[in-house]
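Here is what each chain is made of, one letter per residue.
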Amino acid sequence: MTETSTPTDPQGDLTDGFHLIIDALKLNGVETVYHVPGIPVTDLGRMMQAEGLRVISFRHESNAGNAAAIAGYLTRKPGVCLTVSAPGFLNGLVALSHATTNCWPMILISGSSEREIVDLQKGDYEEMDQLAIAKPLCKAAYRILRAEDIGIGIARAVRAAVSGRPGGVYLDLPASLMGQVMDAAAGAKTLIEVVDPAPAQFPAQAAVDRALDVLSSARKPLIILGKGAAYAQCDALVRQFVETSGIPYLAMSMAKGLLPDDHGQYAGAARSLALKDSDCVMLIGARLNWLLSHGRGKQWGEPHGKRFVHIDIDPKEMDSNQPIAAPLVGDIESCLTMLLAGMGDWSAPDAAWTGAIADKAAANVARMGARLMNNNVPMDYHGALGRLKSVFADHPDAILVNEGANTLDFARSIIDMSKPRKRLDVGTWGVMGIGMGTAIAAAVETGQPVVAIEGDSAFGFSGMEVETICRYGLPVCVVVFNNSGIYRGTDTDPTGRDPAPTVFVREAQYDLMMTAFGGAGVTARSPDDLEQAVRAAIASRRPTLVNAIIDPSTGTESGRIGNLNPQSVVKKK
Ligand code: OXT
Ligand code: ADP
Ligand code: MG
């Protein structure tokens, strides 16, 4: 426990719960709080702002929570979301579970009602046993009942969020805690500045030697970089390891740009070949979950005898889907440092293997390149995204936020990223609704321009936050890929009664939502218009919404993951 801060002293020598919470957060490096005000946290939010924390006030807790989650990913510090009790708390929970699922550090702080009423279910204002509900949905959950425990409560929340496999933490603050008064000097002594919250974790030398043995004996090795490797923020080391090994690599969606996508070893455009024909796969901060078909099936060339090397900070991840021949349990920076130290005279993989991947990638890039040149009106995904690809090539620091189905999948493979942590998307769950919260936090945390490429359905989940973007004057350009529907805008109700469940109002004027709050709104019907509008938005840093009208018939069911839809046998008769 260190005594390094003097709590704000509202009344001479007294402090209270409000101020101790703020002091404890500041002491632990929290700078920004993503928030929706209301009883019992309105004054807490006001006081946070008065005490120098940046308070970003949202229109819905889900979006504030998504902002906090991605802030955690970008900064390796817990992103903090502050909500009211019961409904506000529940609204924040999707993001808290999303953060946990994605292994990002986040703290959801919710005000709550009084224990003595809630526990007897007497029917309090917004009564709910929030702690019990949060527990199964996050990495850790705590309630603070006494002002003198605020220091410990926040220290535990911070450490739980960032240590080991990062994740979401719930912190329950009953209303009565905030007004509790204590002596200021005594209060200061209760605060804890967490020392070394995410300690280095080195694997055993024997585990490193085993991994090097497995890798060096492979004829067709492949590296898969996941967002855990991007989160680890040891970018130069990852690059050094990949380049020293000479092994081709794939980047999972949010790991794109960890090494630039035009890197000679990048196998992204030969993904199927690389997965199917490799004989040894090294996973670095990526899980063999659904996004990698659990390491089995046709895509992996089953039956296969591939050997896996896996770096992950969580030992329980090993063997979760496939037997891991060489588990390396530790943090990526420590693991790669030890691997590099042991690589000595490393021989690059067989040129026949690397050459086959490079040839396939070049052929795929050329084939796709031709489709990206089109200037069709109405636009298709390739024509529109081809232009945005060139905008990102000219703005490598801009952050790409991306959600939707076709809009997500096409943008992922078309738009190259050249720097780490520039591509932020739907993550492990494929959640629609991360868009505006993510865009806002990306702008707030990095100061860089943000371009959010949004399916029209995806945008609808968080669209009201364009007001927040305008209110804070953030450099966010939202591009709505308006194909008038989910996947396609062409479905019909066979009975003729209603619109089909997947279609929206045709060519809705989403741009007016931005102009309603003082930002710029543009309709783009051609690739030329689209490119011009996005370039202007980045240059001006003015909140902008570009309503990009896409041919409603060009998308495919569920984008690239249509195979996950159950099929009706009856329908096929
Ligand atoms: O090698 P092959 O031949 O296979 O080719 C691959 C690469 O080699 C090649 N490639 C390239 N070629 C040339 N050049 C370059 N540079 C290049 N790069 C790659 O391209 C192919 C594909 O490569 P990729 O993408 O890397 O590989 P692949 O096989 O696709 O990878 C597999 C996956 C699984 C890793 C990947 O597909 C992936 O990451 N997928 C994520 C999918 C996902 O998460 N989708 C979102 C959820 S979909 C659905 O659930 C939706 N909902 C329901 C809903 C949700 N999600 N959430 C909530 C809260 N409520 C409801 C809804 C409502 S989507 C949705 C809305 C959709 O409508 P919108 O209007 O928003 O969007 P539109 O569809 O646009 O209308
Ligand atoms: P992707 O979706 O990109 O494949 P995942 O979210 O599935 O990535 O996997 C990320 C993995 O990275 C998680 O298993 C997590 O435990 C791990 N991880 C996160 N940070 C670190 C770190 N610093 N060192 C090692 N592993 C990490
Ligand atoms: Mg759509």
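All values reported here derive from a predicted model rather than from experimental measurement.

Turning our attention to the overall build of the chain. A tally of helices and strands in the chain yields 23 helices and 19 strands. Scaling as 2.2 N^0.38, a compact globule of 573 residues should have a C-alpha radius of gyration of about 25 Å, and the chain matches this with 25 Å. Across its three principal axes, the chain shows a C-alpha extent of roughly 75 × 65 × 55 Å. Each of the 573 residues in the chain was classed as buried or not, and the buried ones make up 57%.

Burial of strand β19 (residues 544–549) is extensive: six of the six residues sit out of reach of the surface. Burial along β19 is two-sided: the face carrying Thr544, Val546 and Ala548 and the face carrying Leu545, Asn547 and Ile549 are both buried. Across six bridges, the pairing between strand β17 (residues 476–482) and β19 is parallel. Bridge pairing in β19 links Cys477 to Thr544. As judged from the five bridges shared by strand β18 (residues 520–524) and β19, these two strands associate in the parallel manner. Paired with Thr523 across the bridge in β19 is Asn547. Considered for its hand, the β-α-β crossover made up of β18, helix α22 (residues 527–540) and β19 is right-handed.

We now examine the site of ligand 1. Around ligand 1, the structure places 33 residues, and the nearest of them are Ser272, Tyr381, Thr407, Gly430 and Asp456. A distance of 3.2 Å separates an oxygen atom of ligand 1 from a polar atom in the backbone of Ala405. A distance of 3.2 Å separates a nitrogen atom of ligand 1 from a polar backbone atom of Ser413. Mapped by element, the contributors of at least two residues to the shell around ligand 1 are α13 (271–277), α15 (351–372), α17 (406–414) and α19 (456–460). With six residues, α17 is the single largest residue contributor to the shell around ligand 1. Of the residues that constitute the shell around ligand 1, the class distribution is 16 nonpolar, twelve polar and five charged.

This next bit is on the confidence of the model for the chain. Across the chain, the average pLDDT comes to 96, with 97% of residues at 70 or higher. Segment residues 1–6 is flagged for pLDDT under 50; beyond a separation of four residues in sequence, or across chains, it makes 14 contacts in the model.

For helix α1 (residues 17–27), the tally of buried residues reaches ten of eleven residues, placing the bulk of the element in the interior. The complete set of buried residues in α1 reads Gly17, Phe18, His19, Leu20, Ile21, Ile22, Asp23, Ala24, Leu25 and Leu27. Just downstream of α1 lies Gly29, where phi reads positive at about 85°.

Definitions and limits used
- Residues numbered from 1 in each chain as written.
- Chains lettered and ligands numbered in written order.
- Predicted model: local features only at pLDDT ≥ 70, side-chain atom pairs only at ≥ 80, totals over all residues.
- Heavy atoms only, no water.
- Helix = DSSP H or I, 4+ residues; strand = E, 2+ residues; numbered from the N terminus.
- Rg over C-alpha atoms; globule rule 2.2 N^0.38 Å.
- Buried < 20%, exposed > 50% of the residue type's maximum accessible area, 1.4 Å probe, protein only.
- Pairing = 2+ DSSP bridges.
- Right-handed = clockwise from strand over helix to strand, strands pointing away.
- Near = heavy atom within 4 Å.
- Polar contact = N/O pair within 3.5 Å; in protein donor to acceptor, adjacent residues only side chain to side chain.
- Nonpolar A, V, L, I, M, F, W, Y, C, P; charged D, E, K, R; others polar.
- pLDDT = per-residue confidence, 0-100.
- Contact = heavy atoms within 4.5 Å.

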